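Survey of secondary and tertiary structure
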Amino acid sequence: MDQQQRERNIAVLEWFDAIVFALTIVLIILLFLVRTVRVDGTSMVPTLENGDQLIARSILYEPQRGDVVVIDGYIEFGAPLVKRVIGTEGDVVDIDFEQGQVFVNGQLLTEPYISAPTTRSFDVTFPVTVPEGHLFLMGDNRPNSKDSRDSDIGMIDKRDVLGKVVFRLVPFNKFGGIE
């Protein structure tokens, strides 16, 4: 093997090493730092649409009121959920279904993100106190969201939160951060 061939082989191996290293870094990021999620359904309209592809930050995340989060599909409901945090542990959540207003700890929530007032109730009686280690979640499309108002979903254990939705990848015309 001549010198030129040896140099070409070394260059190819260097490129191969660089590609393997880059793929390893991307894999580590996707497995431990962020997750990609696809919205399934219309419960988060107008904030998110069916089919939106999202990125959720998962490492060192503590859910806060107002965050849009992804819930693990291993909950009793059986499918991953994308919902908004309305109450955290110790919060008292009350809903006036006649007026369509949501209160947390006696304070009326300002909710510019919802599609319609909260007039749809399920089988949960209000007010409710969010237990330790749990969250009260609702979709932004209040008339069409199965969420913590329904005992089938109920309060969500914080350990089932996969992460906070921070970015929309698809559709490209709505590419960007999520509030």
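Let us look at the structure shown here. Numbering of residues starts from 1 in each chain and follows the order in which that chain's sequence is written. Two thresholds apply to this predicted model, a pLDDT of at least 70 for residue-level local features and 80 or more for giving and counting side-chain atom pairs, whereas whole-chain, interface and lining totals are computed over all residues. Side-chain figures throughout are based on the complete set of non-hydrogen atoms in the structure, without hydrogens or water.

**What to know about the overall build of the protein chain**
The criterion, for reference: Numbering of helices and strands runs from the N terminus; a helix is a DSSP stretch of H or I covering at least four residues, while a strand is a stretch of E covering at least two. For a compact globule the rule gives 2.2 Å times the number of residues to the power 0.38, and the radius of gyration it is set against comes from C-alpha atoms. Here Asp and Glu are counted as negative and Lys and Arg as positive; His is not counted, and neither are the chain ends. All charge positions are set by atom: Lys at NZ, Arg at CZ, Asp at CG, Glu at CD.
Check the secondary structure of the protein chain and you find one helix and 12 strands. For the protein chain, whose C-alpha radius of gyration is 22 Å, the value lies well above the compact-globule estimate of 16 Å for 179 residues. With the C-alpha coordinates aligned to their principal axes, the bounding extent of the protein chain is approximately 85 × 35 × 25 Å. The protein chain carries 17 positive and 26 negative side-chain charges, and their two centres are separated by 4 Å.

**Observations concerning the environment of Arg35**
Within the secondary structure, Arg35 is located in strand E1 (residues 34-38). Between the C-alpha atom of Arg35 and that of Arg57, which follows or precedes it by 22 residues, the distance is 6.5 Å.

**A look at a nonpolar patch on the surface**
What counts, and what does not: What goes into a patch is any residue over 30% in relative accessible area without a salt bridge, connected to like charges within 9 Å or, for nonpolar side chains (Val, Leu, Ile, Met, Phe, Trp, Tyr), within 5 Å. Areas reported as accessible are Shrake-Rupley estimates using a 1.4 Å probe. Residue values count occlusion only from the protein chains shown. A pairing counts as a salt bridge when a side-chain nitrogen of Lys or Arg comes within 4 Å of a carboxyl oxygen of Asp or Glu.
A cluster of nonpolar residues, Trp15, Ile19 and Leu23, forms a patch on the protein surface that exposes about 380 Å² of accessible area. Note on placement: Ile19 falls in helix H1 (residues 3-33).

**Considerations on the sheet that holds strand E8 (residues 128-129)**
The line we're drawing: Two strands are counted as paired when DSSP detects at least two bridges linking them.
Reading across from one edge, E7-E6-E5-E8 is the order of the four strands in this open sheet, with antiparallel pairing throughout. Strand pairing shows two members of the sheet lacking a second neighbour, strand E7 (107-108) and E8, which therefore form its edges. Here strand E5 (residues 92-96) runs beside E8; their pairing, made up of two bridges, is antiparallel. Paired with Val93 across the strands is Val128, a residue of E8.

**Focus: the nonpolar core**
Rules: Definition used in this section: a nonpolar core is a set of buried Ala, Val, Leu, Ile, Met, Phe, Trp, Tyr and Cys residues joined via side-chain atoms within 4.5 Å. Throughout this description, buried means an accessible area under 20% of the type-specific maximum (1.4 Å probe, protein chains only), exposed means over 50%, and partly exposed covers the range between. The contact criterion used is simple: two residues touch if any of their non-hydrogen atoms lie within 4.5 Å.
In this structure, Ile86, Val93, Ile95, Phe126, Phe136 and Met138 are the most contacted members of the largest nonpolar core, which totals 13 residues. Going through the elements one at a time, E5, strand E6 (101-104) and strand E9 (134-138) are the ones with two or more residues in this core. In this structure, Val93 is in contact with Ile86, Gly87, Phe103, Val104, Phe126, Pro127, Val128, Val130 and Phe136, ignoring residues within four places of it in sequence. Within the second largest apolar cluster, 11 residues are counted, among which are Val37, Leu54, Val68 and Ile178.

**A word on the packing of aromatic side chains**
For clarity, the threshold we go by: For Phe, Tyr and Trp, rings pair up if their centres lie within 6.5 Å, where Trp contributes its six-membered ring, and each pair is then called stacked (planes under 30 degrees apart), edge-to-face (over 60) or tilted (otherwise). Lysine and arginine charges are scored as sitting over a ring when NZ or CZ, respectively, is within 6 Å of the ring centre and within 35 degrees of the ring normal.
As enumerated under the stated definition, the model contains three aromatic pairs in all. Between Phe97 and Phe126, the ring centres sit 5.7 Å apart and the planes meet at 65°, which makes this aromatic pair edge-to-face. One end of the pair, Phe97, is in the loop between E5 and E6; the other, Phe126, is in the loop between E7 and E8, with 29 residues separating them in the sequence. Just as Phe97 is buried, Phe126 falls in that class too. Taken together, a centroid distance of 4.8 Å and an interplanar angle of 85° make the contact between Phe167 and Phe175 edge-to-face. Here the guanidinium or amino end of Arg84 rests over the ring plane of Tyr113, the centre of that ring lying 3.7 Å away.

**Describing the pattern of salt bridges**
All chains considered together, the criterion is met by 12 salt bridges. Glu62 is the salt-bridge partner of Lys158, the closest N and O atoms lying 2.6 Å from each other. On the criterion of sequence distance, the pair formed by Lys158 in the loop between strand E10 (156-157) and strand E11 (161-170) and Glu62 in the loop between strand E2 (53-57) and strand E3 (68-71) is long-range, its members being 96 residues apart. The class for Lys158 is partly exposed, based on a relative accessible area of 21%. A salt bridge links Asp67 to Lys164; the shortest N-O distance between them is 3.6 Å. With a gap of 97 residues between them, Asp67 in the loop between E2 and E3 and Lys164 in strand E11 connect regions that are remote in the sequence. On the basis of relative accessibility, which here comes to 10%, the residue Asp67 falls in the buried class.

**A closer look at the environment of Ser151**
Put simply, the test is: Polar contact is the term for a pair of N or O atoms within 3.5 Å; when the atoms are in protein, one must be able to donate a hydrogen and the other to accept it, and sequence-neighboring residues count only if both atoms are side-chain atoms.
By secondary structure assignment, the location of Ser151 is in the loop between E9 and E10. Accessibility expressed as a relative area gives 47% for Ser151, which makes it partly exposed. Distance from Ser151 to Phe122, taken between C-alpha atoms, is 7.9 Å for residues 29 residues apart in sequence. Those residues within four positions of Ser151 in sequence are excluded, and the remaining contacts are Asp123 and Val124. In this structure the side chain of Ser151 is engaged in a polar contact, spanning 2.4 Å, whose partner is the side chain of Asp123.

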